[in-house]
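These are the residues of each chain, in order.
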Amino acid sequence: MMMRLVLVLAVVLGVGVLVPAPGVAQTDVGVSGAGAAVFPGGATLYGIPLSGLELGQGVFIAGDGSATGEFYAVLLGTSLLGQPQNIAVDGKVTGGSAGPDSGTFSGVATVDMGDGTAPLPGVPFTVT
């Protein structure tokens, strides 16, 4: 089973910073931050209702589109039995781009569904 995770964080409560990296070309940026967000009603992943997420990232995006860094998110969910089921996304960043007001980075993550099953390695992800 192949899963592709795409997180679009339009409203994030917390800190997210895109800044030029010192001593490198202006097209190189560092992205770091932590935050939390609330999902609208009806958001699900594999049938698990999601209420929000908590996240943190530290990423360096080079002008050539390559990137290095880490992304970690916990999707706050509820199991079918009404118990908390938090889904952890632990990602290694490998590519990205940045504009004046936003950025995108991507890579491969391990996803732990929080239900006792084995984590899913090698899941492509994109964060905008």
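Everything below is about the structure printed above this text.
This is a predicted model, so every value here is computed, not measured.

About the criteria used
Residues numbered from 1 in each chain as written. Predicted model: local features only at pLDDT ≥ 70, side-chain atom pairs only at ≥ 80, totals over all residues. Heavy atoms only, no water. Helix = DSSP H or I, 4+ residues; strand = E, 2+ residues; numbered from the N terminus. Pairing = 2+ DSSP bridges. Buried < 20%, exposed > 50% of the residue type's maximum accessible area, 1.4 Å probe, protein only.

Q: How would you summarise unusual backbone geometry if you had to cite specific residues and measurements?
A: Despite not being glycine, Tyr 46 shows a phi value in the positive range, around 50 degrees. Here Tyr 46 shows up in the loop between strand S4 (44-45) and strand S5 (48-61).

Q: Outline the pairing of S5, supporting the account with residue identities and numerical values.
A: Note: strand S3 (residues 29-38) against S5, ten bridges, orientation antiparallel. Of the residues in S5, the one forming a bridge with Val 38 is Gly 52. Alignment of S4 against S5, held across two bridges, turns out to be antiparallel. Across the sheet, the residue bridging to Thr 44 is Pro 49, located in S5. Here S4 folds back onto S5 in antiparallel fashion, the turn holding two residues, of which Tyr 46 has a positive phi close to 50 degrees.

Q: Any chance you could break down the side chain of Gln 57 for me, citing the residues and the numbers?
A: Assignment of secondary structure puts Gln 57 in strand S5. Here Gln 57 falls in the buried class, since its relative accessible area comes to 13%.

Purely geometric numbers; function is a separate question.
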